[in-house]
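Structural overview
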Amino acid sequence: MRHGHGRTAHNMSSSSLRKKSDLTLVSKVRCGLLRSLLTNLQEIFLGTKLFVLFPAVPLAIAAHYFKFGRAWVFALSLLGLTPLAERVSFLTEQIAYYTGPTVGGLLNATCGNATELIIAIFALYGGKIEVVKCSLVGSILSNLLLVLGTSLLCGGLANLRKEQSFDRKQADVNSGLLMLGALCHMLPLMFRHAISSGELTVTTVSTLELSRACSIVMLLAYIAYLFFQLKTHRQLFESQEEDDDNDDVTSEDEPVIGLPSALAWLLGMTIVIAVLSEYVVGTIEAASESWGISVSFISIILLPIVGNAAEHAGAIIFAFKNKLDITLGVSLGSATQVSMFVVPLSVIVAWIMGIQMDLDFKLLETGSLLLAILVTAFTLQDGTSHYLKGFVLLLCYIVIGACFFVLKTPPNQTNDINLGVLTTKSVAAFRPC
């Protein structure tokens, strides 16, 4: 195990998509400043297997300014976010070499889901609260069912003659936090149904206040989780790196770029992600109309898949190599970050902005989230895995995706669900996110 800078499962997952840059030509440049600049450019843009997607970034900006079509802007922006998200993970790992494992872990905990957080902030600023809710729920569902399911399926098929096992301790910690998050989502939902049935004489203001209180509790739980992960029980979360000559994961003992350069690039990447996120939020309805797909399906299915494609691919690669602890660290860790950090932080940010966002994610979304957490917890309860477990999780994701795919009602309609029973009126008025 390497303790130099505390490589976590997220770092290892992103490393699987990196490649070593050939600096032969750059080293021949005599000017030291120019050589350093060229080295940084090569490490940033050619040090990942996703470098072929970088042209989507300037193409998205060009499509926006030259008004090529809002659906094109949306698609190119999504593609451009994929390599940028991976590069943010790379830069936080580089910074961790200089700051130590604790600060590096805090950076990873806050920047690991930077794409979702930035998209959520721009959507809140645009008043698209339901897009925020759906994209965050979709990110959790994607990590628990799609990523973990595909990883266990592929890993089980690739290791049919080997017993796949993993450490349950990390999975139990994340499952407990996810259940706490599900409880905080269910309470405002049950509050609303109790109000509509006349059981309680409270107002929607009370539901909003309850959501904000729950958000504060969730953030406190996440802070305790970070202390648990980075201080008292760090050994449960640091990745075991095996010496394997056939392992193509880029593993470095020293940083490849300096601390000032890493900080500058991280700031620049964050700004570009913010620009593309603004494009995504501003063109999501146009893409929905152009493609004939509901906004709810785009928010819950497409946004999380594309935004975290690099991290997800790394989790699957390690499942092939029978390293399920890293796979679980990526999928469950990301789901926990979104559930216990990004979601409550979005509610707090909306509170500061004067926007009434609560934790009532509606019956369909909350029910899907709760069942996904329960199915995942039962799947991981015995500490072993095989391909059938992954296949079941993947099928659960497909069914949930099909549910939101057929939800094609106009986005301006509102929900009218009374006591969980969908009437004829409510079917006509059911609103996607």
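Residues numbered from 1 in each chain as written. Predicted model: local features only at pLDDT ≥ 70, side-chain atom pairs only at ≥ 80, totals over all residues. Heavy atoms only, no water.

1. What about the overall build of the protein chain?
The following threshold applies: Going along the chain from the N terminus, every DSSP run of H or I of four or more residues is numbered as a helix, and every run of E of two or more is numbered as a strand. Buried means the residue's accessible area, taken with a 1.4 Å probe over protein chains only, is under 20% of the maximum for its type, while exposed means over 50%, and partly exposed covers the values in between. In this analysis, two residues are considered to be in contact whenever any of their non-hydrogen atoms come within 4.5 Å of each other. Computed with the Shrake-Rupley method and a 1.4 Å probe, the accessible areas treat only the protein chains shown as cover for residues.
A count of helical and extended segments in the protein chain gives 17 helices and two strands. Counting every position in the protein chain, which comprises 433 residues, the buried fraction comes to 54%. Contacts spanning at least 24 positions in sequence make up 81% of the contacts within the protein chain whose residues lie at least 6 apart. Carbon and sulfur atoms provide 66% of the accessible area of the protein chain, an area that totals close to 18,800 Å².

2. Examining the nonpolar core
The line we're drawing: Here, nonpolar core refers to any group of buried Ala, Val, Leu, Ile, Met, Phe, Trp, Tyr and Cys residues whose side-chain atoms link them within 4.5 Å.
Core analysis: the largest hydrophobic core is formed by 97 residues, its most contacted members being F74, L91, L144, M357 and L359. In terms of residues, this core owes the most to one element, helix 8 (residues 129-158), which gives 14 residues.

3. Here's the deal with the pattern of salt bridges
Inclusion rule: Salt bridges are defined as contacts in which a side-chain nitrogen from Lys or Arg sits within 4 Å of a carboxyl oxygen from Asp or Glu.
The full count for this structure, using the stated rule, is six salt bridges. Across the pair E86 and R87 runs a salt bridge, and its minimum N-O distance is 2.8 Å. A relative accessible area of 2% means that E86 is categorised as buried.

4. Describing helix 11 (residues 259-291)
Put simply, the test is: One axis fitted to the seven residues ending at a residue, another fitted to the seven starting there: the angle between these axes is the bend at that residue.
Where helix 11 bends most, at T283, the angle is about 50 degrees. In the segment just after helix 11, G292 is the residue with positive phi, at about 70 degrees.

5. Digging into the packing of aromatic side chains
Applicable threshold: Here a Phe, Tyr or Trp ring, Trp counted by its six-membered ring, pairs with any other such ring whose centre lies within 6.5 Å, and the pair is stacked when the planes are under 30 degrees apart, edge-to-face when over 60, and tilted otherwise. Criterion for a charge above a ring: Lys NZ or Arg CZ within 6 Å of the ring centre, and within 35 degrees of the ring normal.
For the structure shown, the criterion picks out seven aromatic pairs. Each ring, one from F45 and one from F54, has its centre 5.2 Å from the other, and the planes form 70 degrees; the classification is edge-to-face. Consider the rings of F45 and W265, whose centres lie 5.6 Å apart with planes at 80 degrees: the pair is edge-to-face. Of this pair, F45 sits in helix 3 (residues 32-46) while W265 is found in helix 11, placing the two residues 220 residues apart along the sequence. Exposure remark for F45: the relative accessible area of 30% places this residue in the partly exposed category. Assessed through its relative accessible area of 21%, W265 is described here as partly exposed. Through successive ring pairs, a cluster of aromatic residues spans F45, F54 and W265. Over the ring of F90 we find R87, and its NZ or CZ is 4.2 Å from the ring centre.

6. What to know about a nonpolar patch on the surface
How we decide: Residues forming no salt bridge and having over 30% relative accessible area are the ones grouped into patches, like charges within 9 Å of each other and nonpolar side chains (Val, Leu, Ile, Met, Phe, Trp, Tyr) within 5 Å.
Taken together, the side chains of L157, L160, Y387, L388, F391, V392, L395 and I398 define a hydrophobic patch exposed on the protein surface, amounting to about 740 Å² of accessible area. It is helix 16 (residues 387-405) that contributes the most residues to the nonpolar patch, six residues altogether.

7. Considerations on the side chain of T376
As a reminder, the rule being used: Any pair of N or O atoms that falls within 3.5 Å is considered a polar contact. Within protein, one atom must be able to donate a hydrogen and the other to accept it, and sequence-neighbouring residues count only if both atoms are side-chain atoms.
Inspection of the secondary structure assignment puts T376 in helix 15 (residues 363-379). In terms of polar contacts, T376 uses its side chain to reach the backbone carbonyl oxygen of A372, at 2.8 Å.

8. Details of the environment of K162
Relative to the assigned elements, K162 resides in the loop between helix 8 and strand 1 (164-165). Taking relative accessible area as the criterion, K162 reaches 54% and is therefore assigned exposed. Linking K162 and N322, residues 160 residues apart in sequence, is a C-alpha distance of 8.6 Å.

9. Observations concerning unusual backbone geometry
The phi torsion at K67 lies on the positive side, around 55 degrees, for a residue other than glycine. With respect to the element layout, K67 can be found in the loop between helix 4 (56-65) and helix 5 (70-99). The phi torsion at K362 lies on the positive side, around 70 degrees, for a residue other than glycine. Under the relative-accessibility criterion, K362 is labelled buried at 12%.

10. Some words on the packing of helix 7 (residues 114-125) against helix 8
Keep this limit in mind: Between N-to-C directions, angles span 0 to 180 degrees; the directions come from axes that are lines fitted to C-alpha atoms, helices contributing only their stretch in contact. Any angle from 65 to 115 degrees is called roughly perpendicular, while one under 35 is roughly parallel, one over 145 is roughly antiparallel, and all others are oblique. Note on convention: near helix rotated counterclockwise from far helix by under a right angle means a left-handed crossing. Clockwise means right-handed.
Following both chains from N to C, one finds helix 7 and helix 8 inclined at 165 degrees, their axes separated by 8 Å at the closest point. The angle between helix 7 and helix 8 falls in the class roughly antiparallel. As for how helix 7 packs across helix 8, the hand of that crossing is left-handed. For the pair formed by helix 7 and helix 8, the contact residues are E116, A120, A123 and L124 on the first element and I129, V132, L136 and S139 on the second.

11. Quick notes on the confidence of the model for the protein chain
As a reminder, the rule being used: Summary of the metric used: pLDDT quantifies the predictor's per-residue confidence within the range 0 to 100.
The predicted model of the protein chain has a mean per-residue pLDDT of 79, with 79% of residues at 70 or higher. Taken together, the stretch residues 241-248 has pLDDT below 50 and engages in nine contacts with residues farther than four places along the chain or on a different chain. When the criterion is pLDDT under 50, residues 409-433 qualifies, and its contacts beyond four places in sequence or with other chains add up to 45 contacts.

12. Remarks on the packing of helix 8 against helix 13 (residues 309-320)
Packed helices, taken two at a time, are described by their axes: the angle between them and the distance between them. Using the following cut-off: Amino acids outside the nonpolar list (Ala, Val, Leu, Ile, Met, Phe, Trp, Tyr, Cys, Pro) and the charged list (Asp, Glu, Lys, Arg) are all regarded as polar, and Gly is one of them.
In contact at an axis separation of 7 Å, helix 8 and helix 13 are set at 30 degrees when each is read in the N-to-C sense. Taken together, the axes of helix 8 and helix 13 are roughly parallel relative to one another. The interaxial crossing formed by helix 8 with helix 13 has right-handed handedness. Of the residues in helix 13, those in contact with S142, N143, V147, T150, S151, C154, G155 and A158 of helix 8 are H312, A315, I316, A319 and F320. In terms of residue class, the contact of helix 8 with helix 13 is made up of seven nonpolar, six polar and no charged.

13. Overview of the environment of E116
Its location among the elements puts E116 in helix 7. Along the backbone, E116 and V342 are 226 residues apart, and their C-alpha atoms lie at a distance of 7.6 Å. Aside from chain neighbours lying at most four places away, what touches E116 is L136, S139, N308 and V338.

14. Some details on helix 4
So the rule is basically this: An arc is given here, and it is the one of the directions from the helix axis to the C-beta atoms.
Residues A56, V57, A60 and A63 constitute the buried set of helix 4. On an axial view of helix 4, the arc spanned by its buried residues comes to 130 degrees, and they lie on one face. On its buried side, helix 4 packs onto helix 5 and helix 11. Trailing helix 4 by a residue or two, K67 shows a phi angle of about 55 degrees, which is positive.

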